[in-house]
Amino acid sequence: MRVISGLYKGLKLEEKYIKTVRPTTDKVKESLFNILQFETQNKIFLDLFGGTGQIGIEAASRGAKKVVVIDNNAESINLIKKNISKIKNKNNISIIMSSSDSFLENNTDKFDIVFLDPPYLDTDLLNRSLLKIKDHMQKNSIIAIESLKQTEILNYSKDFILQNRYIYGKIALHIYRN
């Protein structure tokens, strides 16, 4: 697992087997950030299911103004902290130990880009997050979702429309914009 591009390009990140974590593959991560191109520059980025922290670190590497990484697992939080400790400017990255539901109920920030990659088999968690996330988004924002390709995603808001769906083997990457 490595940072693909930007300020921290090539930085090797720690991986640790955590039962509930399935890191995004480098191929899917690279595709996601190729789709976003320069849209992360000076934006506020949320990774709601942080896992290893690699997506948030990639966003910071590509110029995000602020990155917020959420996870509810203590092992994941420790791994995220370890990975973030490897980069020079950590000041724009916040790590919060919280469930996604609790975070979205209490958060007052607005985000430009949100990445959702919940446990693949927990479609309820994904759809609950989508229902709540729209209230935490800026205008002209992006929601990116990684899921199994057969996952049915709730059509939750007329404010966000599916721009594209990309398939990588068993994985789908959904890009919504408002």
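Nothing here was measured: the structure is a model prediction, and the numbers come from that model. (Residues numbered from 1 in each chain as written. Predicted model: local features only at pLDDT ≥ 70, side-chain atom pairs only at ≥ 80, totals over all residues. Heavy atoms only, no water.)

## Observations concerning the packing of aromatic side chains
Applying the stated criterion across every chain, the model contains two aromatic pairs. Taken together, a centroid distance of 6.2 Å and an interplanar angle of 20 degrees make the contact between Phe33 and Phe45 stacked. Linking Phe33 in helix α1 (residues 26–36) with Phe45 in strand β1 (residues 44–47), this pair joins segments that are twelve residues apart in sequence. Exposure remark for Phe33: the relative accessible area of 0% places this residue in the buried category. For Phe45, a relative accessible area of 1% puts it in the buried group. Residues Phe103 and Phe111 carry aromatic rings whose centres are separated by 6.4 Å and whose planes lie at 45 degrees to one another, so their mutual orientation is tilted. The class for Phe103 is buried, based on a relative accessible area of 8%. The class for Phe111 is buried, based on a relative accessible area of 0%. (Phe/Tyr/Trp six-rings, centres within 6.5 Å; stacked < 30°, edge-to-face > 60°. Helix = DSSP H or I, 4+ residues; strand = E, 2+ residues; numbered from the N terminus. Buried < 20%, exposed > 50% of the residue type's maximum accessible area, 1.4 Å probe, protein only.)

## Here's the deal with the nonpolar core
Ranked by size, the top nonpolar core spans 31 residues in total, and within it Leu32, Phe45, Val67 and Leu173 carry the most contacts. Secondary-structure elements contributing two or more residues to this core are α1, α2 (54–61), β2 (66–71), α3 (74–84), β4 (111–116), β5 (137–148) and β7 (171–177). Broken down by element, the residue count for this core peaks at five residues, all from α1. Ignoring sequence-local partners within four residues, the contact set of Leu32 consists of Ile55, Phe115, Ala144, Leu173 and Ile175. Judged by nonpolar contacts, the second largest core, of 21 residues, contains Phe103, Leu130, Met137 and Phe160. (Core = buried A, V, L, I, M, F, W, Y, C linked by side-chain atoms within 4.5 Å. Contact = heavy atoms within 4.5 Å.)

## Describing the pairing of β1
One face of the sheet, then the other: side chains in a regular strand alternate in exactly this way. Burial of the side chains of β1 extends over both faces: Ile44 and Leu46 are buried on one face and Phe45 and Asp47 on the other. Sheet topology places β1 next to β2; four bridges connect them, and they run parallel. Pairing of Asp47 across the sheet is with Val69, part of β2. In this view, the connection linking β1 to its parallel neighbour β2 by way of α2 has right-handed handedness. Across three bridges, the pairing between β1 and β4 is parallel. Bridge pairing links Leu46 to Val114 in β4. (Pairing = 2+ DSSP bridges. Right-handed = clockwise from strand over helix to strand, strands pointing away.)

## Concerning the sheet that holds β7
In any sheet, the strands associate via hydrogen bonds between backbone groups, in a parallel or an antiparallel arrangement. Strand order in the open sheet formed by seven strands is β3-β2-β1-β4-β5-β7-β6, and the pairing between neighbours is mixed. The sheet is open, and its two borders are formed by β3 (93–97) and β6 (161–168), each paired with just one other strand. Ignoring which end each strand starts from, the neighbouring axes of this sheet average 15 degrees apart. In terms of strand pairing, β5 meets β7 through seven bridges, oriented antiparallel. Pairing of Ser147 across the sheet is with Ala172, part of β7. Here α1 sits on the sheet in contact with β1, β4, β5, β6 and β7, set at roughly 20 degrees to β7. (Axes fitted to C-alpha atoms, helices over the stretch in contact; angles between N-to-C directions.)

## Some remarks on the pattern of salt bridges
What the rule picks out here adds up to ten salt bridges. A salt bridge links Lys86 to Glu14; the nearest nitrogen and oxygen atoms lie 3.1 Å apart. Taken together, the positions of Lys86 in the loop between α3 and β3 and Glu14 in the segment before α1 put the pair 72 residues apart, joining distant regions of the chain. The exposure class of Lys86 is partly exposed, given its relative accessible area of 33%. Among the ionic pairs, Arg62 bridges to Glu58, the shortest N-O distance being 2.8 Å. For Arg62, a relative accessible area of 15% corresponds to the buried category. Residue classification places Glu58 among the buried residues on the basis of a relative accessible area of 0%. (Salt bridge = Lys/Arg side-chain N within 4 Å of Asp/Glu carboxyl O.)

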